[in-house]
Amino acid sequence: MIQNCDLLLNKNILKDKHFISLADKYAKNTATEEERQYVEAFYAAMQQKNKFIPMNLSVPKKDKIKKVIDATILKKTIRFTYKNLSIAASFILIIGIAYSVLNLNKTNVTTLKGERKEVVLADGSRVFLNANSSISYTDDFTEKRNITLIGEAFFQVAKNTEKPFTVKANNTETRVLGTSFNINSNNGNKTIVSVNTGKVLVQSRINPRNNVVLTKNQQISFLHDTPLKISYGNSDDLMAWTKNIIVLNNETLKNTIKILENWYNVSIDLKDEDIKNETITGKFNNETLQNVMKSLGLLKSLKIDYLTPNHIIIRKKTNEVKK
């Protein structure tokens, strides 16, 4: 069996999709006995031929990897020493127990607070990334149009009926062929998907049977992995933020503060907890922070104090008693 693994001991092993699939099954304990022997024989062959991928690991990470290895293959056949750590770490990379080779050649795009970006993907699709958000995807994106989103983004998807476009956010997966839609996963375990044009399928990643199909002007919220009632909204408002317009539609003061912190890269403290669920409706077209805060103060009778230009305190106004 070990001799049959010699062909795998070359620099292209990490690109062998079949072996990676076997290794992944091994890590999940779903491999057949024959598959397990194949994976273990490959690892043994790596050691015999002293093949390894150079690794630059800290001592804590070495200790962690050692424990993982001891709990799997090495406890059965191989006495582990730090001398062969690079070999062991290479194998662990392949099966995805440490940071996986499946994440190699991955592109990550991130925005800071107060920053927004437009990203043109290899298939011609466009992603408008809101502040304090990120997307990641593999370099073979034209073949596998899969994106992972943290935060909020608006997608304009190039149509390709043979290669669906999927976006994973929190516990949801949104699948389309060609359309435009917005996903907001900023609020903890709640994910909001809004459709501007076309049609999308939104489903739970945990239970795909929890799914819903949305069309233009429709919106759905997933709490954890459960879809809530479909609501309707103006499609122009759904993507307004991509044009530097803040749209607040019965938004709580608590959520409004979070939106403004990301939008303007500031820190806002709410001193009176009993008003955090006050709702606000309004539209701010490329307004300065000062004008937005002044409007909030007038709308909800709030006192706005600036400790610094980037640190704001919001509290209720108190009625002064006239003498």
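Scroll up to find the structure.
Residues numbered from 1 in each chain as written. Predicted model: local features only at pLDDT ≥ 70, side-chain atom pairs only at ≥ 80, totals over all residues. Heavy atoms only, no water.

Q: So what exactly am I meant to see when it comes to the overall build of the chain here?
A: Along the backbone of the chain there are eight helices and 20 strands. Within the span of the chain, comprising 323 residues, buried residues form 39% of the whole. Sequence-distant contacts in the chain: of pairs separated by 6 or more residues, those separated by 24 or more amount to 47%. As displayed, the chain has an accessible area near 18,400 Å², and 48% of this comes from carbon and sulfur atoms. (Helix = DSSP H or I, 4+ residues; strand = E, 2+ residues; numbered from the N terminus. Buried < 20%, exposed > 50% of the residue type's maximum accessible area, 1.4 Å probe, protein only. Contact = heavy atoms within 4.5 Å. Areas by Shrake-Rupley, 256 points an atom, 1.4 Å probe, with all protein chains shown as cover.)

Q: Just to check I follow, could you spell out the sheet that holds strand β19 (residues 302-308) for this structure?
A: Consider a sheet: its strands pair through backbone hydrogen bonds, and that pairing is either parallel or antiparallel. The mixed open sheet is built from three strands, whose spatial order is β17-β20-β19. Looking along the sheet, the strands with just one partner apiece sit at the ends: β17 (267-270) and β19. When strand polarity is set aside, the average angle formed by the axes of neighbouring strands in this sheet is 20°. This element, helix α7 (residues 253-264), spans β17, β19 and β20 (311-316) of the sheet and lies at about 165° to β17. (Pairing = 2+ DSSP bridges. Axes fitted to C-alpha atoms, helices over the stretch in contact; angles between N-to-C directions.)

Q: Any chance you could explain the pattern of salt bridges here in plain terms?
A: Between side chains of opposite charge, a pair can form when the charged atoms approach closely. In the structure shown here, the tally under the stated rule is 10 salt bridges. Taking the shortest distance from any N to any O, the salt bridge between E118 and R126 comes out at 2.5 Å. Since its relative accessible area comes to 44%, E118 is described here as partly exposed. A salt bridge links K300 to E278; its shortest N-O distance comes to 3.3 Å. Of this pair, K300 sits in helix α8 (residues 289-300) while E278 sits in the loop between β17 and β18 (279-285); the two residues are 22 residues apart in sequence, bridging distant segments of the chain. Overall, K300 belongs to the partly exposed group, its relative accessible area being 26%. According to the relative accessible area criterion, E278 is partly exposed, its value standing at 36%. (Salt bridge = Lys/Arg side-chain N within 4 Å of Asp/Glu carboxyl O.)

Q: Would you mind showing me how to read α7 here?
A: At 3.6 residues per turn, the α-helix brings residues three or four places apart onto the same side. Given a rise of 1.5 Å per residue, 12 residues ought to cover 16 Å, and the 16 Å separating the end C-alpha atoms of α7 matches this to within 8%. Looking at α7, one finds that the buried residues are L253, T256, I257, L260, E261, N262, W263 and Y264. Structurally, α7 contributes buried residues whose contacts are with β16 (245-252), β17, β18, α8, β19 and β20. N265, located one to two residues past α7, shows a positive phi value of around 55°. (Expected span 1.5 Å × (residues − 1).)

Q: Any chance you could explain the pairing of strand β2 (residues 117-120) here in plain terms?
A: Side chains on a regular strand alternate between the two faces of the sheet. The pairing of β2 with strand β3 (residues 126-129) spans four bridges and is classified as antiparallel. Within β3, the position partnered with E118 by the bridge is F128. Between β2 and β3, which pair antiparallel in sequence order, lie five residues; one of them, G124, sits at a positive phi of approximately 95°.

Q: Before we go on, may I ask you to explain the packing of aromatic side chains in this structure?
A: Under the criterion given, the structure shown has five aromatic pairs. Aromatic pair F155 and F165: ring centres 6.0 Å apart, planes at 70°, arrangement edge-to-face. Within this pair, whereas F155 is found in strand β6 (residues 152-156), its partner F165 is found in strand β7 (residues 165-169), the two being separated by 10 residues in sequence. Within the aromatic cluster, the residues linked to one another by ring pairs are Y137, F141, F155, F165 and F181. (Phe/Tyr/Trp six-rings, centres within 6.5 Å; stacked < 30°, edge-to-face > 60°.)

Q: I tried to follow the nonpolar core on my own but got confused; where do I start?
A: Nonpolar side chains tend toward joint burial in soluble globular proteins. Formed by 27 residues in total, the largest nonpolar core has its most connected members in I135, I147, L149, F155, F165 and F181. Of all the elements, β7 adds the most residues to this core, at three residues. With sequence-adjacent residues up to four places away left out, I135 is seen in contact with T107, N108, V109, V119, V127, L129, I147, T148 and L149. Residues I268, I280, L296 and I312 belong to the second largest nonpolar core, which totals 24 residues. (Core = buried A, V, L, I, M, F, W, Y, C linked by side-chain atoms within 4.5 Å.)

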